[in-house]
Amino acid sequence: MSEKLGHYVYALMDPRDKVIFYVGKGQGSRPSAHMKEASSKEIESRKAVRIRDIEESGEEVRTLILARDFAEAD
């Protein structure tokens, strides 16, 4: 599905309190790269720590697509 989105704006949401804690732009499977990054204990960004906390609670980070199908400006 991510191939069909082209460029998009997305948000990462904590399912426990429904708070959006990150907004980004990307293409392909960019949001899943954050989950992979967070699995490295060496990375201590607020985003990575929150993702690990969500996953350790038994929940999964929710990805919301906010805008899609637009061309990235050069």
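Parameters and conventions
Residues numbered from 1 in each chain as written. Predicted model: local features only at pLDDT ≥ 70, side-chain atom pairs only at ≥ 80, totals over all residues. Heavy atoms only, no water. Helix = DSSP H or I, 4+ residues; strand = E, 2+ residues; numbered from the N terminus. Buried < 20%, exposed > 50% of the residue type's maximum accessible area, 1.4 Å probe, protein only. Salt bridge = Lys/Arg side-chain N within 4 Å of Asp/Glu carboxyl O. Core = buried A, V, L, I, M, F, W, Y, C linked by side-chain atoms within 4.5 Å. Pairing = 2+ DSSP bridges. Axes fitted to C-alpha atoms, helices over the stretch in contact; angles between N-to-C directions.

(A) Spatial organisation of the overall build of the protein. The helix and strand inventory of the protein stands at three helices and three strands. Written out in order from the N terminus, the α and β elements of the protein read α-β-β-α-α-β. For the protein, the spread of C-alpha atoms along the principal axes amounts to about 35 × 25 × 20 Å. By the burial criterion, 28% of the 74 residues in the protein qualify as buried.

(B) Main features of the pattern of salt bridges. In the structure shown here, the tally under the stated rule is eight salt bridges. Among the ionic pairs, arginine 16 bridges to aspartate 53, the shortest N-O distance being 3.0 Å. In this pair, arginine 16 sits in the loop between strand E1 (7-14) and strand E2 (19-26) while aspartate 53 sits in helix H3 (residues 46-56), placing the two residues 37 residues apart along the sequence. Here arginine 50 ties to aspartate 17 by a salt bridge, and the two come within 3.2 Å at their closest N and O atoms. Separated by 33 residues along the polypeptide, arginine 50 in helix H3 and aspartate 17 in the loop between E1 and E2 bring together distant segments of the chain. You can call arginine 50 partly exposed: its relative accessible area is 25%. By relative accessible area, which is 41% here, aspartate 17 ends up partly exposed.

(C) Just the nonpolar core, in detail. Formed by Leu5, Tyr8, Tyr10, Leu12, Phe21, Met35, Ala38, Ala48, Ile51, Ile54 and Val61, the largest nonpolar core amounts to eleven residues. Sorting the residues of this core by element identifies E1, helix H2 (30-38) and H3 as the ones contributing at least two each.

(D) Examining the sheet that holds strand E3 (residues 62-70) more closely. Reading across from one edge, E2-E1-E3 is the order of the three strands in this open sheet, with antiparallel pairing throughout. Two strands close off the open sheet at either side, each with one partner strand: E2 and E3. Across the sheet, the mean angle separating the axes of adjacent strands is 15° when strand polarity is ignored. Relative to E3, E1 is paired through seven bridges, and the arrangement is antiparallel. Pairing of alanine 11 across the sheet is with leucine 64, part of E3.

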